Amino acid sequence: MHSEAVATRSAGSAEFRNGNGSPPVDAVSLAIIEQLQEDGRRPYAAIGKAVGLSEAAVRQRVQKLLDQGVMQIVAVTDPLTVGFRRQAMLGINVEGDLDPVADALTAMAEVEYVVVTAGSFDLLVEIVCEDDDHLLEVINKRIRTLPGVRSTESFVYLKLKKQTYMWGTR
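The structure contained in this document is the topic of the report that follows. (Residues numbered from 1 in each chain as written. Predicted model: local features only at pLDDT ≥ 70, side-chain atom pairs only at ≥ 80, totals over all residues. Heavy atoms only, no water.)

Contact geometry for helix α1 (residues 27-38) and helix α3 (residues 55-67): axes closest at 10 Å, N-to-C directions at 85°. Here α1 is positioned roughly perpendicular relative to α3, judged by the angle of their axes. Together, Val28, Ser29, Ile32, Ile33 and Leu36 of α1 and Val58, Arg61, Val62 and Leu65 of α3 make up the contact between the two elements. (Axes fitted to C-alpha atoms, helices over the stretch in contact; angles between N-to-C directions. Helix = DSSP H or I, 4+ residues; strand = E, 2+ residues; numbered from the N terminus. Parallel < 35°, antiparallel > 145°, perpendicular 65-115°, else oblique. Contact = heavy atoms within 4.5 Å.)

On to α3. Between the first and last C-alpha of α3 there are 18 Å, a value that for 13 residues agrees with the 18 Å anticipated at 1.5 Å per step. Once α3 finishes, Gly69 follows within two positions and takes phi at roughly 80°, a positive value. (Expected span 1.5 Å × (residues − 1).)

Before going further, it helps to spend a moment on the pairing of strand β4 (residues 111-116). In the sheet, β4 pairs with strand β5 (residues 123-129) via five bridges, with the strands oriented antiparallel. Following the sheet pairing, Val114 is matched in β5 by Val125. The antiparallel pairing of β4 with β5 creates a hairpin that spans six residues between the two strands, and Gly119 there sits at a positive phi of about 135°. (Pairing = 2+ DSSP bridges.)

What follows is about helix α5 (residues 132-143). Those residues of α5 that sit buried are His134, Leu135, Val138, Ile139 and Ile143. The arc enclosing the buried residues of α5, seen along the axis, measures out at 125°, which places them on a common side. Across from the buried face of α5, at angles greater than 90 degrees, the exposed residues are Asp133, Leu136 and Lys141. On its buried side, α5 packs onto β3 (86-94), α4 (98-106), β5 and β6 (149-156). (Buried < 20%, exposed > 50% of the residue type's maximum accessible area, 1.4 Å probe, protein only. Arc of directions from axis to C-beta.)

Another point: the packing of α1 against helix α2 (residues 44-51). At a minimum axis separation of 10 Å, α1 and α2 run at an interaxial angle of 130°. The orientation of α1 with respect to α2, classified from their angle, is oblique. Here α1 and α2 pass one another in a crossing that is right-handed. Contact residues: Val28, Ala31, Ile32, Gln35 and Leu36 in α1; Ile47, Ala50 and Val51 in α2. Residue composition of the contact of α1 with α2, grouped by class: seven nonpolar, one polar and no charged. (Left-handed = near helix turned anticlockwise from the far one by under 90°. Nonpolar A, V, L, I, M, F, W, Y, C, P; charged D, E, K, R; others polar.)

Here is the structure:
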C-alpha cells in the first residue's frame, strides 16, 4: 500500500471546476496532479522536468491546487496495521432532509467516507473501527439513533482486495 496519495475532486474532463467554483484546472496542473498520484513524495524538480516547468513554478502550482481544495496530499495507511481491525460500509436511508444526517456522520471520527447517492440508499458511509464491539457501538448507539435515520444496512469488510487513488484526472 502506498504511504502517501493524492486525492483529487471529481473531474469530468480536463476542463473542470472544483467544488468552490474556481477557474478550470489547466492541462499542466492536471499533469502535476497525475505525477503526484503516481508518487506523493516525488520531488518538485522531477515533476517540473516531466511537465516542462521550473521547480519553483511546480511548487507554486501545487500550493494553489491545495489552497483551492482541488487536491490534498495525505498519508494512506492500512487500517489493520494501526489498530483498526474492522471496516464496514453502511447503506443508510433517511427521512426528510439528508444534509443534517450527512453532516452528523461527517463529524464522527470513525467515519471516513460519506456520499449522497441515488438508488437503494440515501447515503453510503464507510466506517473504521477497532473491533466488532466498537463497530456495534458506532452503528447501534450513534448512527441508528441520529434523528432522521430510518434504516441502515451494514456490509462488513472481510478482505480488502483493492484500494487505489490512481484514477487520474480525466
